[in-house]
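Structural overview for review
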Amino acid sequence: MADDRVEFELVSPERLLLSEEVEMVVVPGTDGDFGVLPRHTPMISTVRPGVIRVYEKGAVKESIFVAGGFAEVTPERCTVLADQAMPVAEIDRAAAERQLQDAREDLADAKDESERMAAEKAVTVAETMLQIGQA
Amino acid sequence: MASLKDLRVRIASVKSTQKITSAMKMVAAAKLRRAQEHAEAARPYAERMERMLGSLAKAAVGQQGAPKLLAGNGREDVHLLIVGASDRGLCGGFNTSIVRDARRAIEKLIKDGKTVKILCVGRKGRDQLRRSYADMIVDTLEDVAKPRVTFEVADNIGQRIAKMFEAGEFDVCTLYYARFKSAITQIVTAQQLIPFAVEAEEASVTATGGAKAVYEYEPDETEILTELLPRNLAIQIFKALLENSASEHGARMTAMDNATRNAGEMIDKLTLTYNRTRQAVITKELIEIISGAEAL
């Protein structure tokens, strides 16, 4: 492995989306975005709904939407375990709007704390997806 | 000696059975390919999840107030066994071998004076376990793999188990499923879900010599763990369900292949008997005619 590259892996429960060596990757952590370059401090972070940006030669090569998950960073590797992931270009606005509506309904129907929390999370995910889809 | 007509009927019936089994084999093969793809696609996530959790768990396990899902609740009196089987039969020894392993574990636990609870996934597993352990079966989940295994289903099961655990309904949870190796071999695997089995993980980490680094946590360790643990539960169940469905189709394909072959052999044998009998009948008739003519 080259010294100035980060081995980046993005996996969702259904499949391995991306596994390649990249220059830099920016991950939306819960406490703020963080960029991962080679020889990064080992770290584990939760990921909020947002966009992962893969940089190549100083420019964004790929943008991928993630609906939250976890990221593990080691000096030579960055692994993101996403709950759900898809390239930004493939976001279907109509579907996202439907999802948002469903999530809001769920939130209104939520009976207990855990249901409410799950619905709130779904609302945030759908909202973020819409925002990103619009941009 | 069966009459000619009997033999003809018999051959026709075996032939139609063979048609059915060979059609089932084709269907299973097609489904197997899809199920196998899904199962293999899900492996990386589950593996990395386990690795991540393993390195987290090592740090957290000795500490006070470690999450219960990780460290257990200190007891191991009530065991919950999740037995993953299929909803449909005609898949060779698939269900039987899973149930056999589960049954062995149940017997052992009972002998050790533990209480056992069973959660069946799939009708066939329940049908077999009901005979001897009807009162231990908590519930049965059906049609989890219909039309295909989704993460949502696994997540629901995971949440349910987590709730039961929090309510103190059991102390240790083990999952039984068949890991898919090939269409011919499926390995029945017992995986302990709660508490998370740290020892095995540690051994594999030190063996590879990796993950020695101390991690930074963002936001903090306990928060990550409280999110990661239920998630891991769902993922492990998801993986098991996928492996199980691939194994089921593999087992069915092999079983139906055998059945088709056996039917073919049987048809050959019956056809031979049929022809012999036919000849014998003709010969007998000829003898009768000739001896009748001679007597005149």
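What counts, and where the lines are drawn
- Residues numbered from 1 in each chain as written.
- Chains lettered and ligands numbered in written order.
- Predicted model: local features only at pLDDT ≥ 70, side-chain atom pairs only at ≥ 80, totals over all residues.
- Heavy atoms only, no water.
- Domains from an automatic or database assignment.
- Contact = heavy atoms within 4.5 Å.
- Buried area = accessible area lost by both parts, 1.4 Å probe.
- Helix = DSSP H or I, 4+ residues; strand = E, 2+ residues; numbered from the N terminus.
- 1 Å grid on protein atoms, 1.4 Å probe; cavity = no way out; pocket = protein on both sides within 12 Å on 5 of 7 lines; lining within 4 Å.
- Points joined across faces, edges and corners; volume = space filled by probe spheres on them.
- Nonpolar A, V, L, I, M, F, W, Y, C, P; charged D, E, K, R; others polar.
- Salt bridge = Lys/Arg side-chain N within 4 Å of Asp/Glu carboxyl O.
- Polar contact = N/O pair within 3.5 Å; in protein donor to acceptor, adjacent residues only side chain to side chain.
- Pairing = 2+ DSSP bridges.

Regarding the domain arrangement of chain A
Residue and element names in this part refer to chain A. In terms of domain boundaries, chain A breaks down into domain 1 (6-88) and domain 2 (91-134). For domain 1 versus domain 2, the separation of C-alpha centres amounts to 23 Å. Between domain 1 and domain 2, the residue contacts involve ten residues of the former and seven residues of the latter. Taken together, the two surfaces of domain 1 and domain 2 that pack against each other cover about 700 Å², and 75% of this comes from carbon and sulfur. Considering only the side of domain 1, the residues that lose the most area to domain 2 are Pro49, Phe65 and Val88, jointly responsible for 57% of the buried surface there.

Some words on the side chain of lysine 239 of chain B
Tracing the backbone shows lysine 239 of chain B in helix α7 (residues 221-295). When sequence neighbours within four positions are dropped, the list of residues in contact with lysine 239 of chain B reads Ala46, Glu50, Tyr177 and Gln191 of chain B.

Concerning empty space enclosed by the protein
The method is simple in principle: a probe with the dimensions of a water molecule rolls over the atoms, and the space it marks as empty is what remains. Residue and element names in this part refer to chain B. Throughout the structure, instances matching the rule amount to three cavities of 30 Å³ or more. By volume, the largest cavity amounts to about 50 Å³. Lining of the largest cavity is provided by Ile82, Gly84, Val121, Leu175, Tyr176, Tyr177, Ile237, Ala240, Leu241 and Asn244. At four residues, the largest contribution of residues to the lining of the largest cavity is made by α7. Residue classes in the lining of the largest cavity are distributed as eight nonpolar, two polar and no charged.

Description of the interface of chain A and chain B
Listed as interface residues are 27 residues of chain A and, on the opposing side, 25 residues of chain B. For the chain A and chain B pair, buried surface summed over both sides reaches about 2400 Å², with 61% attributable to carbon and sulfur atoms. Area buried by chain A at its contact with chain B is led by Pro13, Ile44 and Phe70 of chain A, which between them contribute 29% of it. Inspection of the chain A/chain B interface yields three salt bridges. The shortest N-O distance in the salt bridge between glutamate 72 of chain A and arginine 51 of chain B comes to 3.4 Å. Counting the contacts that link chain A with chain B gives five residue pairs in polar contact (both at pLDDT 80 or more). At the level of secondary structure, the elements contributing two or more residues to the side of chain A that touches chain B comprise β1 (6-11), β4 (32-36), β5 (43-56), β6 (59-74) and β7 (77-82) of chain A. With five residues, the single largest contributor to the side of chain A that touches chain B is β6 of chain A. Judged from the three bridges that link them, β5 of chain A and strand β6 (residues 216-218) of chain B form a sheet pairing that is parallel. When the sheet's bridge partners are listed, isoleucine 44 of chain A is paired in β6 of chain B with tyrosine 217 of chain B.

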